Amino acid sequence: MKKMFFAAALVAASAAQAQPAPVDIGSPWARVVLQGQASSAAYMTLTAREPLTLTGATTPAAGIVEVHEMWMDGDVMKMRARETVALPAGQAVSFRPGGYHFMLMDLKAAFRPGTVVPMTLQFRDAQGKAHELSVSVPVTAAAPMMHKP
Ligand SMILES: [Cu+2]
């Protein structure tokens with residue numbers, strides 16, 4: 001039932017995608033979440049082919065998606081929400097545990113290994129024009145740094 005939900009949502013997201021944003025996505029994955037846990041995170045590498053600004057993301061699998069940044073301040077791991085992330089042309093920007101990540105909150109289902117979370121990333125180009133890109137994000141059991149939203 002939950003797998004059906006993800007599959008149907010993925011098709012809908014792909015069909016709505018007319019002009020993909022000029023950005024290459026590498027190694028997307030989302031952290032496995034057990035029933036009862038309220039949040040997960042999605043990671044990937046974004047390489048824009050022209051200067052872009054990441055302005056947000058959505059997924060039917062979560063009620064809230066935020067772009068977060070983590071960093072070490074001395075011995076203390078800190079995290080904050082980012083409105084936007086600049087993506088310079090040709091430069092890979094990594095979303096990975098301990099750095100940038102998509103924070104997925106208000107989850108609609110457990111994130112089980114082997115399922116796929118469809119995400120739609122939102123961008124703005126240098127002319128201010130909006131772009132979107134659909135990304136299929138596999139759920140895996142890798143264990144990135146844990147943190148609470
Ligand atoms: Cu976060």
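All of the points below concern the structure found in this document. Predicted model only: the values in this text are computed from it and were never measured.

1. Thoughts on the packing of aromatic side chains
Line of reasoning, step 1. Taken as a whole and assessed by the stated rule, the structure comprises three aromatic pairs.
Line of reasoning, step 2. For the ring pair F95 and F102, a centre distance of 4.7 Å and an interplane angle of 20° mean the geometry is stacked.
Line of reasoning, step 3. A relative accessible area of 3% means that F95 is categorised as buried.
Line of reasoning, step 4. Counting every residue linked through ring pairs, the aromatic cluster contains F95, Y100 and F102.
Line of reasoning, step 5. Looking at R80, its charged tip hangs above the ring of W71, at a distance of 4.7 Å from the centre.

2. Let's talk about the pairing of strand β7 (residues 92-95)
Line of reasoning, step 1. Here β7 shows a clear split, with V93 and F95 buried on one side and none of A92 and S94 buried on the other.
Line of reasoning, step 2. One ladder, built from four bridges, connects strand β2 (residues 39-48) with β7; its direction is antiparallel. Bridge pairing in β7 places M44 opposite F95.

3. Notes on the pattern of salt bridges
Line of reasoning, step 1. Going through the model one piece at a time under the given rule, you end up with five salt bridges.
Line of reasoning, step 2. R82 is paired through a salt bridge with E69; the nearest N and O atoms lie 3.0 Å apart. With R82 in strand β5 (residues 76-82) and E69 in strand β4 (residues 62-73), this residue pair connects regions lying 13 residues apart in the sequence.
Line of reasoning, step 3. Using a relative accessible area of 27% as the deciding quantity, one classes R82 as partly exposed.
Line of reasoning, step 4. The structure contains a network of salt bridges with shared partners spanning E69, R80 and R82.

4. Focus on the nonpolar core
Line of reasoning, step 1. In this structure, F102, M119, L121 and F123 are the most contacted members of the largest nonpolar core, which totals 33 residues.
Line of reasoning, step 2. The contacts of L121, once residues within four sequence positions are left out, are I25, M44, L46, L54, G56, A57, F102, H131, E132, L133 and V135.

How each quantity is defined
Residues numbered from 1 in each chain as written. Predicted model: local features only at pLDDT ≥ 70, side-chain atom pairs only at ≥ 80, totals over all residues. Heavy atoms only, no water. Phe/Tyr/Trp six-rings, centres within 6.5 Å; stacked < 30°, edge-to-face > 60°. Buried < 20%, exposed > 50% of the residue type's maximum accessible area, 1.4 Å probe, protein only. Lys NZ or Arg CZ within 6 Å of the ring centre and 35° of its normal. Helix = DSSP H or I, 4+ residues; strand = E, 2+ residues; numbered from the N terminus. Pairing = 2+ DSSP bridges. Salt bridge = Lys/Arg side-chain N within 4 Å of Asp/Glu carboxyl O. Core = buried A, V, L, I, M, F, W, Y, C linked by side-chain atoms within 4.5 Å. Contact = heavy atoms within 4.5 Å.

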